[in-house]
Structures are given as C-alpha cells and as structure tokens.
Amino acid sequence: PLAGSSGGTQGYVDGGGIACRFDTPGQMRYDNATGTLYVLDKGRMIRYVKAGTCYTFAGRQMTGLLDGPRLSARFDNAKSLSLYPPGQTKKSTELIFVADQSNNCIRMCNLTTGIVTTLAGSRTSGLVDGEGRTARLSAPLAVVNYEDSNSNDVIVFTIGRNNKVVRRINVATTEVTTLAWKGAFSQPDAWSPLSMTIDRFYNPPHLYISEGLTSFHIVGVDVGDMYRHVVSGNGTSGAADGIDNKGQLGYPASIKLYRGPLGHLKIYVCDTLWYKVRVVTELTTMNPTTTGPTTHGPTTQGPTTCAPTSSPSSSPSTATPSFTPSTVSPSTFSPTKVGPTPISAQFSDTYQSVRISFHRNTNQPAALTLKATCDALLQPFSVALLGTNYGCYWEGPKAFVVTLGEGFLLVPGNALTLIKSTIQAENNALEKNGDSAVVVSRASTNIDVSVVIVGETVIGTCGGVAELTANGEGSIAKPFTYTWSIVNNTGLDWEKSLNALAQQTTTSVLALNGSMIPLGANVTVAVSVKNWLNDSATAQFGLSKVGTVVPSLTLPSSSNITARRSRQTDINVQVRTPKCLPNLRVDAFWSQVTGPHAISITNTRSAYLRIPAFSLDVLATYQLRFVARAVSQQTNATLGQQSVDFYLKVENEDLEATIAGGSSRTIPVSGNAYDINFDASASIDPAYPLAASGLSFNWSLFQVVSSSLTPVSLSSSSGATLSLSTAQLSADSEYLMRVNVSTNRSQSITAVASQTIITTSLPAPRVTLGVNLDKRVQDPHKKLVLKGRAVRDDSTSGNDDPSLALSWSSDATDFNISDRANLRSAIDARDLVIAPNVLIPGKAYKFTVQSTVFAGGAAAVGSASISVRVNSPPGSGSCASSPDVGVALETDFILSCEGFVDDAEDLPLRFKYQSVNGENAAAALASPATYTATQSSTYLDICRFRDLQSYKTKLAAPLGSSSPRLLVRAIVSDDLGSEGYYYFALNVTQPTTLNLTKSSLALTERLEEGDTQSFVTEVAALASFLSSDSGLAQTTDSSAADEREDLLNKVASVSVTNPSSGESSASSLSAPVIASLAEILTAASRPAEITTNVKSKTLDLLGAITNSFDASSTAKATGDEGDTVASASGAISNLLTAASNNTGTTAATNTELANAERLEKTLSDLSTMLSVALIPGEDQVVKGQQNSTGKATVSISSRVMKPDEAFNTTLTSIDGATVSFELLNVSSSGGATGVQLGFIAVTGGRGGSLFPFTSNITSAYTSGLSIVEVKEKTLTGVRELAIADKSVAPFLIQVPTDGDGDSLPTNSDGTAAVRQCVFWSNVTGHWSTEGVEYKGLSADGSHKCESTHLSSFSTQPAFQVEVNTFSASDASNVNAYDPSKNPAMALTLILIGILILLLPLTYYIDKRTTVSKELILKNELEFYRGMNHTRKMHYEDPRSLQNWKESIKLAMRRRHPWLSLCIRMSGDFIDSRK
C-alpha cells in the first residue's frame, strides 16, 4: 500500500508507509504541483500523504463544528473536498473547500495560515440564501470550485442531499445564492443527487450530477443559465450499455471527468449497484440552447484493457465511441472447480438472523464492515430483503450468519443467493462457489404465541372509557395483527354497536365507551393475535356495568406477575377520580390475601406498591389485593369500589460461580515451590447473597494431556478458597482447576466455574485478570472494566507491582483493542476501560493481559485471559403512537412497541417511554434502532418501566420549538438489564388557551392519587405552554413567573428517589426526572419570568438531587448520573441566560448573592456525581448544555486520577475548550484524586445578577466562569485537597485564549484594561484576588494563573483570564473588613463593644440584689398569679383601656425578655444576665 496498514488495521496514526493508520478513508484529491494526496478520513479529519508518509492536516477524532487552527478544528461527516487551485494545474494548493454534511456547512481550510473557517451555513439545516453563517444549507454532499476569469472571484458550487438544488458561494463575499433549474427536469423534487463534478473547460463551467435512487440519470448543467439536460441514462435502473436512452445506470455513486486533448469528454461512472466502472463518452460540446449534446450511453469496462476502436473525430455525425465493451477469450481463464456450496439456511430462534451452512470449509472472506461483507457476498436482490443496518459475519469455516436489520422482508421460503466466485475453498483458491441459492427455513424451535387482556373489570355509573390492553408474546420482530370482538353478542342494538367498535380496532388497546353498555350488563371481549409467521393465539376478558360510582383504573401488567427474590417488585396502578359527582376523592390501599408469610407493605394507602428485594421466598406464591374506593369528601361515605388481585409467583434463581484471576492464567513453577491461591468467594446465590455459609464448594484439578483430563489429587477440596503448591505441578504443562458450587437450600441448584492453568519454567510474572460483570453478561451500552494485575514470581506479598508493565490483546477480528477510540483509558492501563457501544451484541470476546520480564536474555511472559459475552439487547421491533397527531393535555396517545425479541433466557421484557430534547430528530428517525444519543441531550420519563408494551397518556408539546414534532424514545429492557432504544415521532400542538388554575388543581389531584407519572407529563405540558405563543399571549411576566414558582413548589413536594438504595414510592421521582423538570420549568421565553424566587426554587430542586446522592467511597453508580447532570446543566444554563438578558434584575441583592454561592456548590456537587461512576485513570466524562442561540454554555467535566498519578492533567469542556492543571505539593492521603471542572459562559457581556460580574469592557467579550475543584476520594468519603505549603508551589491553571493573545480592549472610560485572576469567595460572597495571581502567557499562548485555592477558580471572559479594571466595587469587596472604609463593619464593631460593656454591668446589678431561694420562689409565684389575673381581667372586660395596657405589657414581656434590663414586672424572676 501507498500508506496505511497492510493488515487492514484501523486507527488514527501518522507515519510512513504501513506504519500509517486510517480509520475510514473517503474522498481523495491529488495536488499535482506538490505531489500531495489529500484524503478525508471518517468525515472528521483531512489527512494527506506525501513522499510515502501520511500526516494529519486538519480536524480531530471527535466530531463537532469548531473553527480555528487546523488541528483544533472539528468536522462532522465531511463528504467531499475540493482543492483551489485545482490539483491538475501546476500551482500548489492554497485553499481546501469541504462539504461538512452533518454540520450543514461548507468549510474552508487556508493552507497558508493553517486556519479552518466556516465559509457558509450553520448547524441549522435549511434553504436560505445570505452571507456566511446566516445562510442555510442542508446536508451538502459535494463541493467543487472554479475561478471566474471575468471577475477573478473564486466561486464554490455545492449540492445538498435534501434540498436538491445547486448553491453558488462567492468566496470573497461569502454570499450564498440558489441557482434555479431550467430545461429538462426543472422541478427536481423526485430525484436524489449522489455525486457532482465540474468541467472547467467552459466559462461559466458545466456541472455534471449523478442520481441513482429514482431517476437513474447523469445530468449536465450550464451554471451560466442553469440549463439542465440528461447526459446518460434512460430513467430506469439497469446494467445495459447503449447509445443515448438505450443505456441504463444502477447506482452511480461517483463520477469523474476526463477531457481529452481535442476537447472530447469522457465521464467515468462508479456504478456500485452492478459492481462496474462505466464510461460515458460525450461527442460534442454542450450547447445551452439545444436539448444537449449527443452522447453515448454507459459502456462497461471489461476485464481486459480497453482501447479506442477509432480515432476521435470532431464531426458529431461520424464520431464513434472511444470505448467499446471488450470480450474475453474462453482460454483466458481456467475452468473453476466446484467450490463450497450452501446446503441449508435457517432462521435463528429469535428470527434476528439467518445461518447459512456450507458442505465444506471456506476461506471465510470478509470486508472491513459487517454490512460490506453482505454486499460483497450476496446478490443485490437478496440484500434488499435484509432491511436496514444488516450485517454478515462468519461463525466458522462452514457457517455464514446474516443478521437482519429493521424492516426486513425475508420470510421462510425465500431464497438467499450468493454472488458467484466470491467464496473459495479453504486452502484452494481455484475452487469457488457457483451461482448458489439456498431457501431459508423456519427456526428449529416453535414459537409460543400467547396473549392476555389487561384492564378493569367494572364500569360504574359515571361511565367513562374502559381500556382493555392485549399484551401478547411471540410477535417475533414484527407487530401482531389484532382482531377484537364481543363474544356474547345476542343481537341487541347496544351489543351490535359495541361489536362494531371492537372490530374497527386494529391496535393492542381497545377503548370501550361505558355509556354504550346498559346498567347490569356483562360483556365478554375476545382478541385474536397473529404474527407475521401466521402463528396465533386468543384470549377473553369479562367486564360488567354496576350501579355504583367506582374509580377508573389503569393496570401496569397482567394479574399474574413473575417475581424474583433478588429484585424488588413494583406494581404501579394508575387511579382516576370519577368526575360525575362533585367533592369525591379516591382512597387506595393494598393488602395481602395469601402467602407463606406476611410481606412488609410500608405504604399501604398508595396506588404504588414496592416490595423490597429479599422479602419473598423462592418458589412461593403470594396473592395481593389492590382496592380503590370512591369516597365522598363531605360524609366520608364509600360510594363504590373496585379491586384487583395480583398473584406473585417467585421463580428459582441460578447460582453464579466464579474463580478470581480470569478464565486462564500463566503460573511460573521455576525455583522454590510456593502456594497458588484460588478464590471462589465471589460466587453467590443471588436469592440469598448474604447467606455465605449456605454455599458449598468442591474443588478438582485435572492435567490436560492430548485433550484428555487426568485427575490430580488435592490435599483439600472444600472451602471457598484453595491453596495449591507449585510442587504438585509440572513445568510447561496445562491444567484445569474446577470448582462446583451448590446451595444448602437445594442440592439440585449448582454452578461450575473453571480456570485453565499454563505452567512455565521461566520466572514469568504472575498475572491475574478480573472483570465486574453485572448479571453475568456485558451490557453493550455500558463500559467494560478489565482489571489486570501482575506480581513478580519471587514476590511473597502478592501485591500488584506497578513496575511491571501490562499489555492487552483481544481475539476479536472486528474489534481493535489498540484503537484509542475504542477505549476510555490508556492502552497500557492496569484498569482497562472499553468504551460503550463498541462491542458487538451477541458476540463473545476473549481478552488477554500480559506482562514480560527478561531473565538471562530470555523473555518470560506471564498472562491471564478472560471471556466476556456481550448481551444482545431486545431488537428487531418497532414503536409508534396512535394517533400520531394531537393536542397537548387533550389527546389521549397510545404509545406502543411490538415485535421486539430477545434470547429466551433474557425474558421477560419491560417497556418505558421518554420525550427527547436536544437530539437530531432527522438522524434519529433515519436510524431509529441504532441512533447514538448526544452528550447534551436530555430525556423526560413519560412512564416508568412496565410489563405492558403499550401505554396510554396525554403528552406535552415540544418545548421551545415552533414545530409540533415531538421525538419519543422507547426503551425496551430485558431481564438482564440490557436496553434497546427505538425513536419515533408524532405531532403534538399547543392548546389555544388553557385554564391554568384548573390545570394546577389537576396536578394536586394527581399527587393525591399517587400518579406521579401523569404528574410529570402534565407539569412538562404546562411549562411548554407558558413558553409558547399561546402562553405568552395569555400571561404576563408576573403571572407566568407565579405559575412557574407554583409548579416548582409542586415538584419540590415530591421526594427524590434514593439512587443508591432505590427506595421509592408514589410520592417520589428519580433524580433524572426532577432534573429534567427543573430544566423544563426554567426554559422561559421571557427572562423576567425567571425571578429571584424561581432561581431559589430551582436551586432547591437541584440541591435536593445532590443531597440525595451518596458520594461515599462505597457509592455505586446507577447509570443515571450522566442524564441527571445533563438536565441539571440545562437548568443552570436557563437561569444564567435569563439573568444575563434580564436588565431589570442586575442588582447584586443578598438573595442573589446567596443563589450565586448555592450555584457554585451545585456545580461542585454535580461534578462529584459524575465522578462516582469513574475509575482511577479513566478518561474524563463531560456533560452539559452546549451553547446555542443566545443560551449560556454550562459544562461539567470530571476525571479521577490514580493515587500514584502525577497531578498534571487536562480537562475539556463540552464545546472543546481545554483547561490544563498542574498540581504540585498537594497534601494527599493516598486516595484516588478527582479533578473536576465546571464551566459557564454567558452571552451578553455580563453574568447578570446570579453571578455579579463587574466589567467596564464595552467590546463583545463574553463573561465566563470556570470552577476547578480537586477532591480526594478515600475510604471515609470525599474531601477537598489542600495546598501543603502555599509558599512553595501553588496550584497552576492554564486557560487557552481565543486568539487575542496579549491584546487588551479599552474600558468605556478610555483607560487601558488589565488582566486579573479572581476566585469566588464563599465567605464574602464576592469575587476576590486573594491568593490568586496572573502569571502572563505560557509558551502555547495560554493564560497562566497561580492559586492556593483548589475550588471556585474563575476566569473571564469565556475561558480566558478576566479582562477588567480594578473598579471601586472591587476595592470595597477587598476592604470589606476595614472599618475605616466600610461603615457597616464600623457599626458592627460598635455594637459588639456595647455588648461587652453591658455584661459586667448587669452582673454587678444582679450581685447587689441577691435574695434567698425561698424569696425567688415566692416572687415567681406572685409573677404567675399576676399574669393569670391580667388575662382574666382582659377576657372579662376586653374594652377596658387599663386591661389592654396590662395585656400589651404582658405580651411584650413574654416575647421580649431582654426588656428586664430596664423594666421589670412585679415579681419578675428574670435577672439581668438571663
């Protein structure tokens, strides 16, 4: 290869030849003048190859939209690049234009300055002309340029995937204009462009555009008048060669031009549908006034070289094509022998894949990706049956697995056809497969289809709607078809009407109108479900109409619930109060009917029941009853009730056996014998984890000889641990250690774990490998932590030796463990962290860690291995809403997910729905099952996890958007906790008007009913309405602020679920939900709505979240920390944005200063929350709110360093800015040290009143705040570190500039500004320069500050050191304690002095009036008698002035005892000191 790994290794490595690594090389452009080849790599970086060595020109491994120095810039899915001047000229390249598709921009790279800028467009997609960033582009897929010979202007042309029009950009003015089509296909809405190239032979130039989704053409366009004509293709897909409209195209993914010396044009076409390179020869120049030149259709390049059949001619009538298809002589190739032939194809049990078996071993050909492997081996018409996001891989030399994607069309009886000669026999390249088709059969196991109907059995006199939900299993990858009917249909009119309604329902939810059913009637409803394989099941359900008022119930599951002792069991019934009568309430309570023992029900009077883990007995059955009564609030009489019985069946649970150290490890047996320890104490009985004595262990050892096992005797074979002397082992041999674990509660429940031992005669290190797996398998959406340790062979302590380096490897061909993008730690880390979403679900991976020492010139390698199976989350299903259009708080939406499948042992499935904010809706809907969430997105739970796959609810309209398009994420979780995600959308519009008082009362009612799920949705809906045009028209600033405060108070009345213990009730919400509500309620369209009270209430909510969080060393991450911090950051951003834009509240009041201090603490606590899920040495985690239009950036970064790691690191904010730390002379007790960064940037030049920045700068600077904290996590908790000796080495922070360098703006009074480093003092509530010093610029242009503070460090503006004068307010803050400069301090000192003088005086007075104890008791008695007499006289004659005066005197005495210093009542026993 010219550059890149010959072995196909991906990566981002610069270097020479094969040392270079590319990830996903894309479009290339060659600079002929300098011999430089420019390559787009994964759409994120521009790499170039020169003289056999590759370099990175611009971009970074992470995506984004960031201008600046070339190596700091960011691209996102860049699709095309164009060199200016063009690479064919003799001039070297000056500019590179890039079509940055996902950023909807055209970017420009200046090779002279090395600066990347956005030439046109922004992140917002659209079709808007304008200058620079004001213009809107939509997914540009190609970019070309030329220099106008008339004006010498450089002109750029681009075309977008969505807008399908050509845009013209003048580089000098950045003006973007849309060019209108003329000629054929002047309305190109029905076509989709794929590629574009430019012909600079003309001025203005001609563009050629290929299309291959609907019209299958190549068109030519004269940009002078935008005349558009067909160059090649007849509009239908095909592979036929021919002249004019006889030629056909398939998928012309890329086109390139060649202009011959006589001006003849050839268009080379990469037709990926037919795996061909085609050539189109244009015989005349383009004439804009005609229908276009005469062309020859595409011809196919044959397998031999092509030569022109005649010389080119300038006459169009006599010219012949330059290329003709060549024929291949039969003698050219040897006849192929019969190669591997597929003999069977069968669906897997989950119908998510098909396994093709061959009659003999193959060479297992594979492409770089799973999808590309399918495309390379299967015929296109077979690939078309696989849906989207399909893939193929080999499961051995004779088994080929095809994984099916979303919307697959393959059914049993279809055939899959392999492409001829693509698969060779193993070790024989001449024996290849033929045209091989194999029919796909059903899975080997039958599908058990079942269905139950869930709903309320009684309808009261209030009528209402009875909702019946059909909950089916066995739909397998696609939704059921539902058929509803009324069984006991005797022909009565109401029965006919009800049956007609049932038969019209095709969804899983049947809504029966209670008013259609007569009083006393009994109705039997039936449903039949059928899957796409024609397997079916039926169920019936009975309900009756009674003459009493009963509450309406929505059940979360069927009455039969499978429970596990090791897990808590939740049952949440939704209750609705009848509305037909006034002054009704619902009383709900739980009781136990049967069971082997009484269950502790902590909150019986609630619709929400949580049974704690380990409360139930294995294999027992419990009957629980839920009763809801409609009660009159006036008489407390019960008017009617409805009850439901739930049956909990507790299933058995398997034991989990494990041997510490890995599935295999190397043991040195040279030198003196020593004991090897085998530890199985981590084995547990999940149902009884605390009963360690209840487990029995039986060890056995075998020597492996020629694949047979020979037993080796052990001195002891019982106990959780085993010691084995190396004297019992032979060198350079293989052994198998096995432990059988059983439980005393049932000898039939056993588990086995084994460990392979490889002995060596060399003094190799003793290496162990551990992994913490939740529920025995790895969740693909979570990180995987591998813990490697190494001990020298002669060590007696057995402790890890950090001087022994570790190296990691994996057996997976589809996972590169050396690629840093796949990791969240260094490749040589002892705790290797593999990033989420990089391991393939359903696959098993073997990881190996090695440590090498050299003894006598020989390498002694110690190793350990472990196998990890990655769980497959539920997949292959789809989700939707019925209806998909409605009004917020009015329409009942039924959200449902069907067809999801999973491994049998991972069932049952649970379902949850969330509304989504901050996601790319178009991208999420394009790949609804594979879309990866962004780091700034936030989610709001619409419901908790539930067993039923459908959920009926009202919804909130999208917040802060003029579009009613609401994005919903469905989460489908299996029994092992792995989650599959599916995105869908619906339109929810705002109501025209809303009775806010009535809505507020409804929220109170929801809380009284215990329905926090509906409460959350309705709060979100009200907040969204307040920010909408309808809400703005209906409310004032003041009334809207009052509504927000009321909603915040209601949310605050709901407790936060303890994230560690999981304690919850009907009146509690999880931390992510409360944080999301805080964000939603502060997203005001009018800044004045965010009053001081609203800020305080919001900080109260965020404080409740952080207070509920356990920051101790034993705290266990729940996985919700990131979502919580993202939403909390959004709330803080809203507060700061409102404060900076609200000119009416800039005064730094005491309340606002208190809020500022609380905000700083909240950021600190949130960053601590992020760090609890991190392990020492892991990469930083970043969450926050990225800057959007007029909105403050709030970024929280957190990293935990190893105890022995140097205190020198860098943190990055959410928008890419970095801050470097150098911590010297820090006092540490050896715990893991967390470095945390909170960053705020507020647009508008000031921080508002929440953080009272004082700045006289009039230029467009941004006020910012960086909060840097260094904390230590020890066994006793988390503490802030301190500087050991402040005079020796303070804390150093380096803050990058935005390119201003040493330039300083001018103050509004004309004076020169100075730079300062300041910190926020929690003591004074002001910014202070105490202990901080500005140290100038570093070598890389960053500002340096030295500080003795390890928290609350500020830099202004926008990640820069503050540019500010030392104003009068600064002086007053610094001199706050100087009484000569601060009158408040002087008055305080005077009052303290008076108090000190009064104390001895009062002592002297009391000393003179000392009396006996008897007299004191007598005086007290007289005093109380006088008090009682005064009260009696006042009650008898309240109009008496004398009595009123005595009462006032008595009241003053009671409320103000200090008055005894001057005036004492008769008999008063309080002396001066008291």
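Residues numbered from 1 in each chain as written. Predicted model: local features only at pLDDT ≥ 70, side-chain atom pairs only at ≥ 80, totals over all residues. Heavy atoms only, no water.

Each helix and strand in the protein chain was counted, giving 16 helices and 88 strands. Per-residue burial over the protein chain gives 50% buried out of 1474 residues. Expressed as a percentage of contacts within the protein chain between residues at least 6 apart in sequence, the contacts between residues at least 24 apart total 62%. Total accessible area on the protein chain is roughly 64500 Å²; 52% of this is exposed by carbon and sulfur atoms. (Helix = DSSP H or I, 4+ residues; strand = E, 2+ residues; numbered from the N terminus. Buried < 20%, exposed > 50% of the residue type's maximum accessible area, 1.4 Å probe, protein only. Contact = heavy atoms within 4.5 Å. Areas by Shrake-Rupley, 256 points an atom, 1.4 Å probe, with all protein chains shown as cover.)

Going through the model one piece at a time under the given rule, you end up with four disulfides. Each disulfide pairs two cysteine sulfurs, and for Cys374 the partner residue is Cys392, the sulfurs being separated by 1.9 Å. Between Cys374 and Cys392, the disulfide has an S-S torsion of 100 degrees and is therefore right-handed. Here Cys374, found in helix α1 (residues 370–377), pairs with Cys392, found in strand β28 (residues 391–394); they are 18 residues apart in sequence, far enough to count as distant. Residue class for Cys374 comes out buried when judged on its relative accessible area of 0%. (Disulfide = S-S within 2.5 Å.)

Interaxial distance between helix α8 (residues 1037–1052) and helix α10 (residues 1092–1108) falls to 9 Å at its minimum, and their mutual angle equals 20 degrees. The orientation of α8 relative to α10 falls into the category roughly parallel. By crossing handedness, the relation of α8 to α10 is classed as left-handed. Contact residues: Ala1041, Arg1044, Glu1045, Leu1048, Asn1049, Val1051 and Ala1052 in α8; Asn1093, Val1094, Lys1097, Thr1098 and Leu1101 in α10. Class assignment for the residues of the contact of α8 with α10 results in six nonpolar, three polar and three charged. (Axes fitted to C-alpha atoms, helices over the stretch in contact; angles between N-to-C directions. Parallel < 35°, antiparallel > 145°, perpendicular 65-115°, else oblique. Left-handed = near helix turned anticlockwise from the far one by under 90°. Nonpolar A, V, L, I, M, F, W, Y, C, P; charged D, E, K, R; others polar.)

Core analysis: the largest hydrophobic core is formed by 57 residues, its most contacted members being Phe347, Val354, Ile356, Trp484, Val525, Val527 and Leu543. Ignoring any residue separated from it by four or fewer positions in sequence, one finds Phe347 in contact with Ser353, Val354, Leu404, Leu410, Val411, Pro412, Val440, Ser441, Arg442, Ala443 and Trp532. Core analysis: the second largest hydrophobic core is formed by 55 residues, Leu940, Val1019, Ala1138 and Met1169 among them. (Core = buried A, V, L, I, M, F, W, Y, C linked by side-chain atoms within 4.5 Å.)

Strands sit in the order β35-β40-β39-β37 across an open sheet of four strands; the sheet is mixed. Edge positions in the sheet fall to β35 (458–459) and β37 (481–486), since each of these pairs with one other strand and no more. Note that strand β39 (residues 522–530) and strand β40 (residues 536–545) share nine bridges and pair antiparallel. Residue Val527 lies in a different strand from β40, and its bridge partner there is Ala539. (Pairing = 2+ DSSP bridges.)

Here we take up the pairing of strand β27 (residues 353–358). Taken across its six residues, β27 has five buried, putting it largely inside the fold. By the bridge criterion, five bridges tie strand β26 (residues 342–347) to β27 in an arrangement that is antiparallel. Directly across from Gln346, in β27, lies its bridge partner Arg355. Hairpin connection between β26 and β27: a loop of five residues separates the two successive antiparallel strands, and Tyr351 in this loop has a positive phi of roughly 60 degrees. Examined bridge by bridge, β27 and strand β29 (residues 399–403) share five bridges and lie antiparallel to one another. Across the sheet, the residue bridging to Arg355 is Val401, located in β29.

It is worth spelling out the sheet that holds strand β64 (residues 893–898) at this point. Read from one edge to the other, the open sheet built from three strands follows the order β62-β64-β67, with strand pairing classed as antiparallel. Of all strands in the sheet, those with a lone pairing partner are β62 (878–882) and β67 (950–953), marking the two edges. Across the sheet, the axes of successive neighbouring strands diverge by a mean angle of 15 degrees, strand direction being ignored. Here four bridges tie β64 to β67, and the two strands are oriented antiparallel to one another. Across the sheet, residue Leu895 finds its bridge partner in β67, namely Tyr951.

Below, the discussion takes up the packing of aromatic side chains. Centre-to-centre distance and the angle between the planes together describe a pair of aromatic rings. Counted under the stated rule, the structure contains 18 aromatic pairs. Seen in terms of ring centroids, Trp590 and Phe626 are 5.0 Å apart; in terms of plane orientation they differ by 50 degrees. Their pairing is tilted. With Trp590 in strand β45 (residues 584–594) and Phe626 in strand β47 (residues 621–632), this residue pair connects regions lying 36 residues apart in the sequence. The exposure class of Phe626 is buried, given its relative accessible area of 0%. Judged by centre distance (6.3 Å) and plane angle (85 degrees), the rings of Phe815 and Phe847 are edge-to-face. Of the two residues, Phe815 sits in the loop between β58 (807–810) and β59 (831–834) while Phe847 sits in strand β60 (residues 844–855), which places them 32 residues apart along the sequence. (Phe/Tyr/Trp six-rings, centres within 6.5 Å; stacked < 30°, edge-to-face > 60°.)

Before going further, it helps to spend a moment on the pairing of strand β10 (residues 115–121). The buried count for β10 comes to five of seven residues, which makes it a mostly enclosed element. Pairing geometry for strand β6 (residues 68–69) and β10, over two bridges, is antiparallel. Within β10, the position partnered with Pro69 by the bridge is Ile115. Sheet topology note: the strand β9 (residues 105–110)/β10 ladder contains six bridges and is antiparallel. Following the sheet pairing, Met108 is matched in β10 by Thr117. Turn length for the β9-β10 hairpin, with the two strands adjacent in sequence and antiparallel, is four residues, and the turn residue Gly114 shows positive phi of about 75 degrees.

Function cannot be read off these values alone, since they describe shape.
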